[in-house]
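# What the coordinates show
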Amino acid sequence: MNTTTSPVKAVKKSKQEPIISLKNIAKTYHSSNIEIKALSDINLDIMPGDYLSISGPSGCGKSTLLSLLGLLDSPTNGEYFIQNVDTHNLSMDQQAELRNLHIGFVFQSFNLIDELSIFDNVALPLTYREETLTQSEIEQRVTQALAQVEMEHRKSHKPNQLSGGQQQRVAIARALAGQPSILLVDEPTGNLDSKNGDAVMDILNNLNKQGTTICMVTHDVRYAGHASKQIHLLDGKVIESSLAQEDMMNNANSPINQSAQAAV
Amino acid sequence: MSAFIKTKTQVNLAFRSLKNAPGFVASVMVTMSLTLATLFVVFSLVNTYFIKPLNVLDEQKLFVVEQEVDTPVGTHSGYQSYKSIVHWYKTQSSFDKLTPVNPNNVILTSLPGEPKVVATFAMPDYFDLFKVPMLLGQSFADDLPLEQASDNVVISEAFWKKYFDSTPDIIGKTINDGERAFNIIGVVAKSFEPPYMFYSGKTDIWLHFGSDQRFFNNGERDNPWDNTYKSLKLVGTAKPGTTKENIRKNLDDRIEDIRAEWLEGYETSTDFRPLVTPYRTIELGDKGHLSLFLLAGTLGLLLIAIVNVCNLFFSRALAQHKTLALQAVLGAKRRLLFSAILTQTLILMVSSVAVALFLSAWGIKLFKQLATGKLPLVQSLTIDINLLAVAIGLSLLLAYLFALVTSRLVDYKALKNQLQSSGKGSVNQVSARTVKILITAQMTFASLLIIFACLALTKTHQTLERPMGSKVDNMYSFIAFIRGENDILSMTERFDKNQKVKEAFRQLPQIKKVSTGNSPVSLRVTKSTLTDMNAKTTDFVPQGWVGSDYFEHTGLKVLKGRTFSDEALRGEKNEVMVTQSLAYLLDPSGDVLGKIYNGHEEKNEVVGITEDFNHPNYFDQDKGKHIWWPSRPFSYNLIVETKPGYTLSQEKILQTLRKEDARFNIWEYRSLEQEFERIIYMDIITLYLSYILAAFTLLLASVGIYGVLSYNLGLRRFEFGIRMALGAKKAKLYKLLVKDAIVPLLLGVILANLITLVIYNQFYESLSPWLTFDISFVLPAILISTGIAIYASIRPMQKIIKAKPMKALRNE
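In what follows, the accompanying structure is described. (Residues numbered from 1 in each chain as written. Chains lettered and ligands numbered in written order. Predicted model: local features only at pLDDT ≥ 70, side-chain atom pairs only at ≥ 80, totals over all residues. Heavy atoms only, no water.)

A few words on the overall build of chain B. Counting secondary structure elements, chain B contains 27 helices and 25 strands. Counting only residues that meet the buried cut, chain B has 53% of its 812 residues in that class. Sequence-distant contacts in chain B: of pairs separated by 6 or more residues, those separated by 24 or more amount to 81%. As presented, chain B carries roughly 36,600 Å² of accessible surface, and 57% of it is formed by carbon and sulfur atoms. (Helix = DSSP H or I, 4+ residues; strand = E, 2+ residues; numbered from the N terminus. Buried < 20%, exposed > 50% of the residue type's maximum accessible area, 1.4 Å probe, protein only. Contact = heavy atoms within 4.5 Å. Areas by Shrake-Rupley, 256 points an atom, 1.4 Å probe, with all protein chains shown as cover.)

Structure, rendered in structure tokens:
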């Protein structure tokens, strides 16, 4: 893509336009002459302020979809726009810049770097910015992000000195520090007990109320219901999307409930 | 389960596990077997020089006697007079068995081509002292007195094969040197390796010491006192209870009997004394140091190889991480995990050592071919019990070391914790500090070896590229003589005859040019001194005898003055020429034209100063200094240049000479091209070995650094995935690489350079014969090796960066 200005910068935030737009997205893996269609025909718009959950049984393509959304992988077919930028021909560095500016990641297994302190872990994405931030700006943002997850008091500690729930909160702070357009959250409670899981979900709910756009992958139906929008994947396809939890929970014939029963 | 079944199961599991990792097995085996093979070859040399007893009679009691002479300019040792050696032989009372030994060249006129062979003159005890194995017949009888010439000869098996076609009835056949006939009484087996101190171990025939006409029955042609020989020595076993000091004192006491005669006969000496040295010390000379130097270099290579293989084992441990973790969770104790790893390492090391032994057998054979005549005791190199013990010991030690290092790295608790709390962060099993130390150490060793290979290369290049001072292409040098002619013809008549012979050669259609002289392009060089009119004498300096046309023919410029006059060549005047370096030694201004010096003759006038003659083997000692004497017609010394493509054989020369006079014989014949190749042979070998060493070191170091970083990056692949997910661009990731890999790498290079400078400066005198520091060689080598190492560091990173971040996050 030949542009004189970075396509990443040529974006206009509009409340009417989606932050992320997927059109006919498909992802196919090839392994030893076997073709695996992880995703097919995915169409999705995520608007500013949305709280979207993506659920489905194990192997349905949730994490694949999230990795495509996060520009960690590229689709086999289809179009993916983020902040009106067509990601199709972006270079690796342009994709990295886009990720750094607009996307905050929260992983299932936290993925903090053991050798760095909590402060440094949260500051890490800020050090990758093209426009270099001053030390005081970095400190301010990190402190603010840690305050949002109530982990300010542990900023000098190392990740292995924290519990799982605390590490996940720090991971959320890291995702927030860059003030992204969207948080992509992959099974945030997958490695946590219910109490810690609830605490993390509370944080996410609060963030959304404050205006943060969240896209969350979860297999847990309880937590999926926290979101204002839900899509359900099965075999790489969107089989249902809903705006309310109650509709899904009350419909016994819902494929979601059917697949949940099959899993049990 | 019985111990045998447990072991069998473990071995089966180990084999199956290794079978699934062919790349790993191949890398380990290639690295270790090549390095160990090199080590075994060098060790066999060290073993022969320092550990194995020599195949002589009673080595601990075997001594060599030489003489040490005091002169006004200093003390000289290692050159012996017949008078002193013979006197000591007859009057000593410290030795049990004793023999004087002196080899010489002899022309055997009764054999086709009248070859010049090496004859060792010795007494019967020689055959006992050196345990000479007789293939056929016998050696000399014990009862023959020293002075008595014998008409018996013992020949070598190679001589028997070459000149007599291994005929079974060899005993009783004769060979003739033009004056005397010798009966062949015995054949020495080819397994015998004559002592290296005598003509580099070359002997074709053995004659009784009394048959040596350089001393006995020579009509007092040569002064028996100051005519000294490096190869003339006494060798013997001391009587029980007699020490080296006892021998020395005994021989020193005997000097008093001949002191007056000595001082009269050896005018320039003020005193002399015996020098008694253990046989091994003389036989090995400084070659022992060379073997230790080689051993040090090879051990350095082995260290790099070990570090490399450790890295490979680390990577393998990483690959087997989950398996090991599962075993730990299922209750396997640390000892069991260690034993599993040890079984694998044992299989690998034993196999590597076996391959190494096979390769080293071939390597030893090759080394023998290359080094025979260049190094002593080369034929004794073999794979013996010492070497096998080292091989077995090494295989066990290395197996244990690799197993220990690998198992230590596998953090047992972390393994269990990782499985129990899957996915929390990343389990770094090797600290960043350890990795950096590994890289720095690897690069330091590798750079050191490459730099030292470079220093050896530099030295060799300098030697090979330094202009010698003589053409050698299509050039031949020979010495011809007619027995007894010097007693009949005057000097002038002989001079005229020389000119006729030269002209005869010029007439040959294939001959381009002819000049007078005995070319100094020779493996062996004689030396002399010059004494000025104030009795100040130079040290021994190489010398040569040449005619007036020599310099123009061979291309050595006469810088000042002129060449020899005909009068000097006829012996009517005493003239000498010197090279420029010698001129500056004689006089700091270098202006020695017209000055008078004593040498072979008295009062020789310096008539010319030439460019330096840089004999490759003597440049370190003599730095181009050379004396030129006028070649007087005591024999016919000619240098002949042929047209390109024509080979002038010894037979052709003899044919041409005998057309002038049928009595001509050839004393010496040399193709200067071949002679030069022989002179620089070791330099060429050193050159190739240095290149090979440098390339091999670079390969090992690159493999090692690639392995370390590949392993480390493998561990950090997930971390890099996270960083990429957070928006880190390539530049940021490479910056990490610079900090974690390139900086330690460069530190290793700097350390190596500093260590080199310190060692080179500290040990300059010992090292300068073999090593020379020249920045124009060292710098490119360092840059190339660093460049390759940096590439080896970047390569694993490139793979991660090129792939999608998701692959890194999935740890693919």
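Before going further, it helps to spend a moment on the pattern of salt bridges. Residues and elements named next belong to chain B. Tallied over the entire structure, the rule returns 40 salt bridges over all chains. The partner of Glu 572 in a salt bridge is Arg 570, and the shortest N-O contact between them spans 2.9 Å. Among the salt bridges present, the one from Asp 661 reaches Arg 663, with a minimum N-O distance of 2.8 Å. Because the salt bridges share partners, they merge into one network encompassing Glu 68, Asp 70, Glu 256, Arg 259, Asp 271 and Arg 273. (Salt bridge = Lys/Arg side-chain N within 4 Å of Asp/Glu carboxyl O.)

Each partner contributes residues to the interface: chain A has 31 residues there, and chain B has 27 residues. Counting each side, the surface lost to burial between chain A and chain B is near 2,500 Å², with a carbon and sulfur contribution of 56%. On the chain A side of the contact with chain B, Leu72(A), Met92(A) and Tyr128(A) bury the most area, a combined 25% of that side's loss. Lys729(B) serves as the salt-bridge partner of Glu97(A), at 3.3 Å between the closest nitrogen and oxygen. Our count for the chain A to chain B interface comes out at 8 residue pairs in polar contact (both at pLDDT 80 or more). Where the side of chain A that touches chain B is concerned, the elements lending two or more residues are α2 (92-102) and α5 (164-177) of chain A. Of the residues contributing to the side of chain A that touches chain B, the split by class is 13 nonpolar, 10 polar and 8 charged. (Buried area = accessible area lost by both parts, 1.4 Å probe. Polar contact = N/O pair within 3.5 Å; in protein donor to acceptor, adjacent residues only side chain to side chain. Nonpolar A, V, L, I, M, F, W, Y, C, P; charged D, E, K, R; others polar.)

The next subject is the pairing of strand β12 (residues 233-238) of chain B. Two faces make up the sheet, and in a regular strand the side chains alternate between them. Residues and elements named next belong to chain B. Most of β12 sits out of view: 6 of its 6 residues are buried. Relative to β12, strand β1 (residues 62-71) runs antiparallel, the two sharing 4 bridges. Paired with Phe 63 across the bridge in β12 is Gly 236. The pairing of strand β4 (residues 95-107) with β12 spans 6 bridges and is antiparallel. (Pairing = 2+ DSSP bridges.)

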